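Take a look at the letters that make up each chain.
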Amino acid sequence: MNSNEYISVVESIKQEIRTAQYRATVSVNRELLLLYHSIGTVINEHKTWGNKFVENLAADIKLSFPNATGYSVRNLKYMAKFALRFPDAEIVQAALAQITWYHHIALMDKVKEADEHIWYAKEAAQNGWSRNVLVHQIESGLYQRQVLANKVSNFEVRLPAPQSELAVQTMKDPYIFDFIPFKEDMVERDIEQALVKDVTRLLLELGTGFAFLGNQYHLNVGGDDFYIDLLFYNLNLRCYVVIELKTGEFKPEYAGQLNFYLSAVDGILKKEQDNPSVGLLRCKSKNDIVAEYSLKDMSKPIGVSAYQITSDLPEELEKELPSVEDIQKRIQT
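Residues numbered from 1 in each chain as written. Predicted model: local features only at pLDDT ≥ 70, side-chain atom pairs only at ≥ 80, totals over all residues. Heavy atoms only, no water.

### A short note on empty space enclosed by the protein
Cut-off, in case you're wondering: A cavity here means a set of points on a 1 Å grid, drawn over the protein atoms and nothing else, where a 1.4 Å probe fits but cannot get out; a pocket is an open set with protein on both sides within 12 Å along at least five of seven lines, and a residue lines either one if it has an atom within 4 Å of a point. Grid points are joined across faces, edges and corners, and a volume is the space filled by probe spheres set on the points. Runs of H or I in DSSP of at least four residues are treated as helices and runs of E of at least two as strands, each being numbered from the N terminus. Lys, Arg, Asp and Glu make up the charged group, whereas Ala, Val, Leu, Ile, Met, Phe, Trp, Tyr, Cys and Pro make up the nonpolar group; the residues left over, Gly among them, are polar.
Scanning all chains against the criterion turns up two cavities of 30 Å³ or more. Empty space within the largest cavity amounts to approximately 60 Å³. Residue lining of the largest cavity: ten residues in total, with His-136, Ile-176, Asp-178, Leu-204 and Glu-205 positioned closest to the centre. At three residues, the largest contribution of residues to the lining of the largest cavity is made by helix 12 (residues 199–206). Class assignment of the residues belonging to the lining of the largest cavity gives a composition of four nonpolar, three polar and three charged. Put simply, the second largest cavity is a space of about 40 Å³. Every residue along the wall of the second largest cavity is listed here: Phe-155, Ala-167, Thr-170, Phe-210, Leu-237, Val-241, Val-278 and Leu-280. Those elements that provide at least two residues to the lining of the second largest cavity are helix 10 (163–170) and strand 6 (278–285). In terms of residue class, the lining of the second largest cavity is made up of seven nonpolar, one polar and no charged.

Next comes the structure, spelled out in structure tokens:
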């Protein structure tokens, strides 16, 4: 066996170990959630006994299992709330078991509806969000911006399924660039440079699958030079994503410019295995009807969203995010 074969075998075994560890973690979470759900159901069935019932239950569990944790009065009340929100244990086992109980406590504190709770749980599992990152996404209104928002695009008529559905799901409205210091006289280049400076947080807001390729990305078309504000490759969509930034309200000519950029990217960069490139216009504001009419006859897939610039991320959340170096390593692998 040569060294390359040995390395390949070792990497294969290491991957099997990681997979087994992940399955074990999910299995533990599932069993714990089902136990908590069962306890919560019993508490709800006897809620007419009053608050003393929960207090006595916590004390009796402590006597019988002195080394066990997680059975305080407060946590027992969360179990009751969890069981009340999700009466069907099968939903608990299928959709909610891949994140920790502490994630669920945050969701019970900050989310009112079961459907929204499930959506955030799936996103947290898929993206590997810590509890702090999950709380930040909830407080930024991610569900409202990504699921409930009136998204303006022509993806459904310009992209084949399932790429069209994935592209629509990727969009948010508005995007929250809460890490950019606000200035009254900001121009597009100021926003672009601020986004690139904090590319880690930009990727968090854009969502899963985005790989950053560059800003002011140079394209030579027929001897003329053009520069794309931000260029990405989305690993889920399997296509290039061109993002153009505008500091004012959406104008129809912006869609025409982006349509041209997409034609150029498809002609110069796109490979046979890539899907059609997607364009995203980010404007300070937009008139939905004007945007819809502007995209109606465009040949390329384009989506239009607003963005907001607010305050800095909390310091404790910033520590939870991967470094720029970590993201660059992911892009290169």
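### A short note on the packing of helix 5 (residues 101–110) against helix 6 (residues 114–127)
For clarity, the cut-off: Note on geometry: axes are lines fitted to C-alpha atoms, helical ones only across the stretch in contact, with angles between N-to-C directions running from 0 to 180 degrees. Here a crossing is called left-handed whenever its near helix is offset anticlockwise from the far helix by less than a right angle, and right-handed whenever the offset is clockwise. When checking whether two residues touch, look at their non-hydrogen atoms; a contact exists if any pair is within 4.5 Å.
Taken N-terminus to C-terminus, the directions of helix 5 and helix 6 make an angle of 145°; their axes are 10 Å apart at the nearest point. The handedness of the crossing between helix 5 and helix 6 comes out as right-handed. Residues His-103, His-104, Leu-107 and Met-108 of helix 5 touch helix 6, and the partners they reach there are His-117, Tyr-120, Ala-121 and Ala-124. Across the contact of helix 5 with helix 6, the residue classes tally to five nonpolar, three polar and no charged.

### Side note on unusual backbone geometry
For the bond from Ala-161 to Pro-162, the omega torsion is 5°, close enough to zero to count as cis. Residue Pro-174 follows Asp-173 across a cis peptide bond; omega there is 0°. Take Pro-174: it is sitting in the loop between helix 10 and strand 2 (175–176). The backbone of Gln-216 shows a phi angle near 50°, a positive value even though the residue is not glycine. Note that Gln-216 resides in strand 3 (residues 210–221).

### Re the nonpolar core
Stated precisely, the cut-off is as follows: The nonpolar core is taken to be a set of buried Ala, Val, Leu, Ile, Met, Phe, Trp, Tyr and Cys residues, with the residues joined through side-chain atoms within 4.5 Å. Here's how the labels work: a residue is buried when its accessible area is under 20% of the maximum for its type, exposed when over 50%, partly exposed in between, all with a 1.4 Å probe on protein chains only.
Core analysis: the biggest nonpolar cluster contains 37 residues, and Leu-76, Phe-82, Leu-96, Trp-101, Leu-107, Tyr-120 and Trp-129 have the highest contact counts within it. Of all the secondary-structure elements, those providing two or more residues to this core are helix 1 (3–45), helix 2 (51–64), helix 3 (73–85), helix 4 (89–95), helix 5, helix 6, helix 7 (131–139) and helix 8 (142–148). Beyond its immediate chain neighbours, meaning those up to four positions away, Leu-107 contacts Arg-85, Ile-99, His-117, Tyr-120, Ala-121, Leu-134 and Ile-138. Judged by nonpolar contacts, the second largest core, of 28 residues, contains Leu-206, Phe-212, Leu-230 and Val-241.

That is the geometry; function is a separate question.
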